[in-house]
Amino acid sequence: GIKNGMTLAEVQAILGSGTEQGSSDARFGGTSLNVTNMVWQDGDRIISIVFSNDKVQGKSKIGM
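For clarity, every value in this text was computed on a predicted model and none was experimentally measured.

Draft legend 1. Main features of the sheet that holds strand 2 (residues 31–42). Pairing is antiparallel across the open sheet formed by 4 strands, whose spatial order is 1-2-3-4. Edge positions in the open sheet fall to strand 1 (19–28) and strand 4 (55–62), since each of these has one partner strand only. Looking at each pair of strands side by side, their axes are set apart by 15 degrees on average, direction ignored. In this structure, strand 2 lies alongside strand 3 (residues 45–52), joined through 8 bridges in antiparallel fashion. By the bridge assignment, Asp42 is partnered in strand 3 with Arg45. Contacts from helix 1 (residues 8–15) reach strand 2, strand 3 and strand 4, with the element oriented near 5 degrees to strand 2.

Below, the structure written as structure tokens:
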């Protein structure tokens, strides 16, 4: 399964290539944060995964 802290490459090895729904860059003091939302769709099933600096931060599933 998909676990927090996995890289995009590790997730794509499991789910195949996803679709980027949007990304943003933010800076907090000296720390820069790149957040990307990726979506995998298979018929009615949708998996949405948020990556922070190329690591899984959270995920949600619809229709599973």
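From this point, the discussion proceeds with the structure in view.
Draft legend 2. Representation of the pattern of salt bridges within the structure. Under the defined criterion, the tally for this structure stands at 1 salt bridge. The partner of Asp42 in a salt bridge is Arg45, and the shortest N-O contact between them spans 2.4 Å.

Draft legend 3. Structural detail: the side chain of Ser52. Inspection of the secondary structure assignment puts Ser52 in strand 3. With a relative accessible area of 11%, Ser52 lands in the buried category. Those residues in contact with Ser52, other than ones at most four positions away along the chain, are Leu33, Asn34 and Gln57.

Cut-offs applied
- Residues numbered from 1 in each chain as written.
- Predicted model: local features only at pLDDT ≥ 70, side-chain atom pairs only at ≥ 80, totals over all residues.
- Heavy atoms only, no water.
- Pairing = 2+ DSSP bridges.
- Helix = DSSP H or I, 4+ residues; strand = E, 2+ residues; numbered from the N terminus.
- Axes fitted to C-alpha atoms, helices over the stretch in contact; angles between N-to-C directions.
- Contact = heavy atoms within 4.5 Å.
- Salt bridge = Lys/Arg side-chain N within 4 Å of Asp/Glu carboxyl O.
- Buried < 20%, exposed > 50% of the residue type's maximum accessible area, 1.4 Å probe, protein only.

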